[in-house]
Amino acid sequence: MSMRTLPLLFINLGGEMLYILDQRLRAQNIPGDKAKKADWTEGDRKRVMNDIITTMFNKKFMEELFKPQELYSKKALRTVFDRLAHASIMRLNQASMDKLYDLMTMAFKYQVLLCPRPKDILLVSFNHMDAIKEFIRDSPSILNQVDETFRQLIEIYSCLPAGEFQLIRQTLLIFFQDMHIRVSIFLKDKVQNSNGRFVLPTSGPVPCGTEIPGLIRIFNCNGEELKRTEFPSGGHYTSSLREGSFDLYGDRVIKLGTNMYSVSRPVETHMSGTSKNSASHTKENASPNPLAKEELNLLARLLGGLDIKKPVDVDPGFRVNLFATDEEEQEAAVLRPPELSYQVVNIQATQDQQTNDMLARIMGEFKEEGQASQSMLSKGDDLLAMMDGLE
């Protein structure tokens, strides 16, 4: 297994998570009476995206992530994304978090399978990074944070040999090999069978630097071509596309890793390399893809049935439901196989008044120095500390 796989896995899954959440947070199909109760604004959407991206690209966390190491277990990685998804005011039920993670993993698995050559996994990662930068283009400090990680990717991975990328691809496929979750977008496009396995195409452009299959050349000992023999390739292949850009800005050429929840995929991202302070001008159509709406259950009402109360000095949480109704979400939670669910234990210490008073006295005995040091921990530090405790 490759010791350089974890950063690519984390960034690409994180990118897919942001695509889904952004599309859900943009869905404003709330009935009028509920819209009055749900004090949701475009600013709240940006806040959620900014908070998650800030936590995701925390400097200390990224430094730890980029160290050569084996992949985390499936359960450990799921726990990381569970924490990451709740790094802001947004809240997801267990069933919605399961659905979110299923969509993330299956989308990236399909992208890995479709990469024309192993090194193109890096271009897929760059497509995700370009889109993430577009999400926070109005926040220069967060943009610089993401660009720093982008430069790390370029520095570490651009010079790796083809054999290392092949090992990275094999490591990713081993990680995904037991995941066969059906996704309606893929089912409707007939790229996934009813058993959850993907159907790989036998057509399209060949990898960069590769000739179209179907021709055998025979040479003599002097290197002179003696004859040619053709054979049926079993597909309809075309000449390779030009190689995508591995720079901070540029045209990635391949569309794998772009946002499939919008009608038009991101297009030309070419920009002068001297423009250091500009964000990538990735073009996206905000209109949702009908197939994406199908997978997300016809754009389930974002805050349907949720009464938002804003106590003084308390940060409210917006619950996001990836199902059409609360009843459907509850049914999914019941039918979810136990081995595929990751339980989160919530400790409620406010029900018992006597216990609550005792805890208050204990908390009051803590030294102010300890409280100050705790308050200095950022969300990224908290995520890093949590990962240290994972096996």
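Cut-offs used in this document
- Residues numbered from 1 in each chain as written.
- Predicted model: local features only at pLDDT ≥ 70, side-chain atom pairs only at ≥ 80, totals over all residues.
- Heavy atoms only, no water.
- Helix = DSSP H or I, 4+ residues; strand = E, 2+ residues; numbered from the N terminus.
- Buried < 20%, exposed > 50% of the residue type's maximum accessible area, 1.4 Å probe, protein only.
- Contact = heavy atoms within 4.5 Å.
- Salt bridge = Lys/Arg side-chain N within 4 Å of Asp/Glu carboxyl O.
- Core = buried A, V, L, I, M, F, W, Y, C linked by side-chain atoms within 4.5 Å.
- 1 Å grid on protein atoms, 1.4 Å probe; cavity = no way out; pocket = protein on both sides within 12 Å on 5 of 7 lines; lining within 4 Å.
- Points joined across faces, edges and corners; volume = space filled by probe spheres on them.
- Nonpolar A, V, L, I, M, F, W, Y, C, P; charged D, E, K, R; others polar.
- Pairing = 2+ DSSP bridges.
- pLDDT = per-residue confidence, 0-100.
- Phe/Tyr/Trp six-rings, centres within 6.5 Å; stacked < 30°, edge-to-face > 60°.
- Lys NZ or Arg CZ within 6 Å of the ring centre and 35° of its normal.

Right, let's talk about the overall build of the chain for a bit. Summing up its helical and strand segments, the chain has 15 helices and six strands in all. Each of the 391 residues in the chain was classed as buried or not, and the buried ones make up 45%. Taking the intrachain contacts of the chain between residues at least 6 apart in sequence as the baseline, contacts between residues at least 24 apart amount to 73%.

Moving on: the pattern of salt bridges. Proximity of charged atoms lets side chains of opposite charge pair with each other. With the rule as written, the count across this model stands at 16 salt bridges. For Glu 225, the salt bridge identified is with Arg 228, shortest N-O distance 2.5 Å. Through salt bridges that share partners, Asp 22, Arg 26, Glu 42 and Arg 45 make up one connected network.

Moving on, we get to the nonpolar core. The biggest cluster of nonpolar side chains holds 77 residues, and the ones touching the most others in it are Leu 9, Phe 10, Met 17, Ile 53, Phe 81 and Tyr 157. Broken down by element, the residue count for this core peaks at twelve residues, all from helix α1 (residues 6-26). Excluding anything up to four places from it in sequence, Phe 81 contacts Phe 10, Leu 13, Gly 14, Met 17, Met 97, Tyr 101 and Met 104.

For the rest of this paragraph, the subject is the layout of surface pockets. Quantified by volume, the largest pocket comes out at close to 620 Å³. The set of elements that each furnish at least two residues to the lining of the largest pocket consists of α6 (94-114), α7 (120-135) and β2 (203-205). Of the residues assigned to the lining of the largest pocket, the class counts are 19 nonpolar, three polar and six charged.

Sheet topology places strand β3 (residues 215-219) next to strand β4 (residues 225-230); five bridges connect them, and they run antiparallel. Bridging from a neighbouring strand, Ile 218 pairs with Lys 227 of β4. Between β3 and β4, which pair antiparallel one after the other, the connecting turn spans five residues, and Gly 223 there sits at a positive phi close to 85°.

Time to look at the environment of Asp 138. With respect to the element layout, Asp 138 can be found in the loop between α7 and α8 (140-157). Through-space distance from the C-alpha of Asp 138 to that of Lys 46 is 9.6 Å; in sequence the pair is 92 residues apart.

Interpreting fine coordinate detail is not advised for predicted regions of low pLDDT. Of all residues in the chain, 64% attain a pLDDT of 70 or more, and the chain-wide mean is 76. Scored below 50 in pLDDT, residues 290-314 shows 71 contacts in the model against residues more than four places distant or in partner chains. Across residues 342-352, where pLDDT falls below 50, the model places eleven contacts with residues more than four positions away in sequence or in other chains.

A separate point is the packing of aromatic side chains. Scanning all chains against the criterion turns up eleven aromatic pairs. Measuring from ring centre to ring centre gives 5.3 Å for Phe 175 and Phe 176, while their planes differ by 80°; the resulting arrangement is edge-to-face. Here the two residues Phe 175 and Phe 176 agree in accessibility, since each one is buried. Here a set of aromatic residues connected by ring pairs shows up, and it is made of Phe 10, Phe 61, Phe 81 and Tyr 101. Across the ring face of Phe 175, the terminal group of Lys 74 is positioned such that the distance to the ring centre comes to 4.9 Å. Against the face of Phe 246 rests Lys 119, its NZ or CZ located 4.6 Å from the ring centre.

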